[in-house]
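# Report on the structure
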Amino acid sequence: MITETNTSPAVQALDASLTEDLEGLKRDGLYRPLRVLESAQGPEVVIQGKRLISLSSNNYLGLNTHPRLVEAAERAAAEWGAGTGAVRTIAGTQTLHEELERRLAEFKHTEASLTFGSGYTVNVGVIGSMLEQGDCVVSDKLNHASIIDGIRLTKADRILYEHVDVDDAERALSEAKAKGYRRILLTTDGVFSMDGDIAPLRGLVERAEQYGAAVMVDDAHATGVLGTNGRGTTDHFGLHGRVALNIGTLSKAIGVVGGYVCASQTVRDHLIHKARPFLFSSSHPPAVVAACIAAVDVLETDDELIARLWDNTRHFKEGLRGLGFDLGRSETPITPVMCGEATTAMQLSDLLLERGIFAQGIGFPTVPRGQARIRTIVTATHTRQQLDRALEAFADAGTKLGLR
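On a predicted model such as this, the values are computed, not experimentally measured, just so you know.

The rules behind each value
Residues numbered from 1 in each chain as written. Predicted model: local features only at pLDDT ≥ 70, side-chain atom pairs only at ≥ 80, totals over all residues. Heavy atoms only, no water. Salt bridge = Lys/Arg side-chain N within 4 Å of Asp/Glu carboxyl O. Helix = DSSP H or I, 4+ residues; strand = E, 2+ residues; numbered from the N terminus. Buried < 20%, exposed > 50% of the residue type's maximum accessible area, 1.4 Å probe, protein only. Contact = heavy atoms within 4.5 Å.

This paragraph deals with the pattern of salt bridges. Per the stated rule, a full pass over the model turns up 31 salt bridges. Of the charged contacts in the structure, one is a salt bridge between R268 and E101, with a shortest N-O distance of 2.6 Å. With R268 in helix α9 (residues 265-274) and E101 in helix α3 (residues 95-108), this residue pair connects regions lying 167 residues apart in the sequence. The same class applies to R268 and to E101, which are both buried. A salt bridge links R182 to E132; the shortest N-O distance between them is 3.6 Å. Highlighted residues: R182 in the loop between α6 (166-178) and β6 (184-189) and E132 in the loop between α4 (119-130) and β4 (136-140), separated in sequence by 50 residues. For E132, a relative accessible area of 43% puts it in the partly exposed group. The structure contains a network of salt bridges with shared partners spanning R88, E98, E101 and R268.

All right, on to the environment of Q94 then. Positionally, Q94 belongs in the loop between α2 (67-80) and α3. For Q94, a relative accessible area of 16% gives the class buried. When the C-alpha positions of Q94 and H284 are compared, they lie 9.9 Å apart, and in sequence the two are 190 residues distant. Excluding residues within four positions of it along the chain, Q94 makes contact with W80, T84 and P286.

Nothing here speaks to function; it is all geometry.
Shown next as structure tokens:
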């Protein structure tokens, strides 16, 4: 074992520098230990031996424990093994991977699709491989960090527009067009992960078309939530064939893990040869792929889960608003309870935990300073009794902190 007495001065200096950074987080009320679940993810979880109602997961439909997904994963592991042992471009593509991508393309009404290790890596891989010097990204100011990081990895220029502001997006598109860029890509979240509002996708697509720009939408929080059978914002707005890149994740409503892009066959072929996260990452284990296929089956055949999700969402939002909480601009199951300062959000999270509710506080840099919040997401699997218990806890804790 390495002890402090025999570590090198360079290692000690690095630790000392990082400790200063951590102390700054503590002073700002942003230092939080990991909450370790001692149970499966569900409407209730166990943390430190205590059973809690969870409002912190992205498990919108409860598919992670759905019998069809669990059975599919078990069968695939037994037949295909625990892993693939290779990247997709060498020896890591199995018929299961091809089947999942065929099903995703059909589900999203596109010509083709390609899967990645995570939703983060698909955004980094797509933007990083498709844009170069002489190209431009037009991006919503509140787009997800994975989109921001993807843009940073390119040599393309970027022009930001004000959040969900179609007119300002047109200003950015006009500026890009005037500069004569080779490719212009407008990119937006479909549903914004911290505020729960929906991008004005129809207006954005119409303006982008006027300026010869392609559109990319990240539907991480819309797949399984919006559109027919959960097909996302492109379907929700009736824009099939007009969105070039339909991005999503397999780790939220789908209930497993991974990311995907649904697009043309040309885009798929390009990414197979150019997207570094795809080229240099081993492929998904068979159990993961089979469970994702089963999740698509469930979405296509079971409307009840999405209906229940929205029924629970309406009930919970009405309850919180009735208690006097500020829910920001949320339009979806993502429901922020605005707290202002990070210390207040963390205090509220701790008070809720004492009252049997697991609801995490979110502060800078995930959200801007002064806009800290408790970010809640109800699921299809919450009972009305659980949601009412959560509302009672919010009422009590919010009163103590003067938030209502």
